[in-house]
Amino acid sequence: MTTEPSLDAGALADARAAIDALPRRKDQLLPALEAAQHALGWLPRAAIEHVHRHTRVPISEVYATATAYSELRFEPPVPGQWHVCTGISCDLAGAAALLTALPDRTAGIDCQFLCALAPVVVDEHERLFGRVTPDSLRARAEASR
Ligand code: FES
């Protein structure tokens, strides 16, 4: 069993408030997960459990839904890390070259559903960029420091 990193109490309170602001309905599952991630940057167990209690969706279904969306994370983001989509379209459009262009600051991520703009990169603030080249990636990353 892995141990989760400690949570910022204020951010967790913000996440709970954002979830509680949503209607207590099953169809609010995805908006609740998105609200929690927006407040915390990821989905710790405490947030998952709060979504479960608020929406009255079984916790297994909450996890199943959360794991179906690649933009939802179960680990805290690494500060300064960018993600390169490694889905098929992005792979064919040069994702591997992007990963090697900034090896210390990039990691792979599943399809971001912007395949027409491949290759796609997600920056540290979750902004998406399409048709990225190794040079444009290095320039954007340098400008963001
Ligand atoms: S494969 Fe990269 S956005 Fe779909």
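Residues numbered from 1 in each chain as written. Predicted model: local features only at pLDDT ≥ 70, side-chain atom pairs only at ≥ 80, totals over all residues.

Undergrad: Is there a simple way to think about the packing of helix α3 (residues 45-55) against helix α4 (residues 59-68) in this case?
TA: Axis angle and axis distance: for two packed helices, these are the angle between their axes and the distance between the axes, and together they describe the pair. Contact geometry of α3 with α4 gives a least axis separation of 9 Å together with a crossing angle of 120 degrees. By the criterion of interaxial angle, the relationship of α3 to α4 is oblique. Regarding α3 and α4, the two cross each other, and that crossing is right-handed. On α4, the residues that touch I48, E49, V51 and H52 of α3 are I59, V62, Y63 and A66. A class-by-class count of the residues in the contact of α3 with α4 yields six nonpolar, one polar and one charged. (Axes fitted to C-alpha atoms, helices over the stretch in contact; angles between N-to-C directions. Helix = DSSP H or I, 4+ residues; strand = E, 2+ residues; numbered from the N terminus. Parallel < 35°, antiparallel > 145°, perpendicular 65-115°, else oblique. Left-handed = near helix turned anticlockwise from the far one by under 90°. Contact = placed C-beta atoms within 7 Å. Nonpolar A, V, L, I, M, F, W, Y, C, P; charged D, E, K, R; others polar.)

Undergrad: Honestly, the pairing of strand β1 (residues 82-85) in this entry has me stumped. Any pointers?
TA: On a regular strand, each side chain points to the face opposite its neighbour's, so the side chains alternate between the two faces of the sheet. Burial along β1 is two-sided: the face carrying W82 and V84 and the face carrying H83 and C85 are both buried. Pairing analysis gives four bridges linking β1 to strand β2 (residues 106-109), with the strands arranged parallel. What sits directly across from C85, in β2, is I109. In this sheet, strand β3 (residues 121-122) lies alongside β1 in antiparallel orientation, the contact comprising two bridges. When the sheet's bridge partners are listed, H83 is paired in β3 with V122. (Buried ≥ 20, exposed ≤ 12 C-beta atoms within 10 Å, placed from the backbone. Pairing = 2+ DSSP bridges.)

Undergrad: Would you explain the domain arrangement of the chain in this entry?
TA: The extent of an interface is frequently quoted as the accessible surface area lost upon association of the parts. Structurally, the chain comprises domain 1 (9-68) and domain 2 (82-144). Taken over C-alpha atoms, the centre of domain 1 sits 28 Å from the centre of domain 2. (Domains from an automatic or database assignment.)

Undergrad: Would you mind showing me how to read helix α2 (residues 29-40) here?
TA: Because each turn of an α-helix spans 3.6 residues, side chains separated by three or four positions in sequence point in the same direction. In a regular helix each residue adds 1.5 Å, so 12 residues correspond to 16 Å; α2 covers 17 Å between its end C-alpha atoms and thus fits that length. In this structure, the buried residues of α2 make contact with α1 (9-20), α3 and α4. (Expected span 1.5 Å × (residues − 1).)

Undergrad: Quick question: what am I supposed to make of the sheet that holds β3 here?
TA: Note on sheets: strands pair through backbone hydrogen bonds, and any given pair is parallel or antiparallel. Here we have four strands laid out as an open sheet, ordered β2-β1-β3-β4, and mixed in their pairing. Looking at strand neighbours, the two that pair on one side only are β2 and β4 (128-129), the edges of this open sheet.

Undergrad: It is not clear to me how the nonpolar core should be interpreted in this structure. Could you clarify?
TA: In terms of nonpolar packing, the biggest core is built from 15 residues, with V84, C85, C90, A95, L98, V120 and V121 touching the most fellow members. Looking at this core, the elements with two or more residues in it are β1, α6 (95-101) and β3. Residues contacting A95, with those up to four places away along its chain left out, are V84, C85, T86, C90 and P119. Counting residues in hydrophobic clusters, the runner-up holds 14 residues, among them I19, L33, L40 and V51. (Core = buried A, V, L, I, M, F, W, Y, C linked by C-beta atoms within 7 Å.)

Undergrad: How should I be thinking about the environment of A107 in this particular structure?
TA: If you trace the backbone, A107 turns up in strand β2. Sequence separation between A107 and P5 is 102 residues; the distance between their C-alpha atoms is 20 Å. Residues within four places of A107 in sequence aside, it is in contact with Q81 and H83.

Undergrad: Is there a simple way to think about the packing of α2 against α4 in this case?
TA: Viewed as axis vectors pointing N to C, α2 and α4 meet at an angle of 70 degrees, and their least axial separation amounts to 10 Å. Judged by the angle between their axes, α2 and α4 are roughly perpendicular. The crossing of α2 and α4 is right-handed. Contacts between α2 and α4 involve L29, L30 and L33 on the former and, on the latter, V62, T65 and A66.

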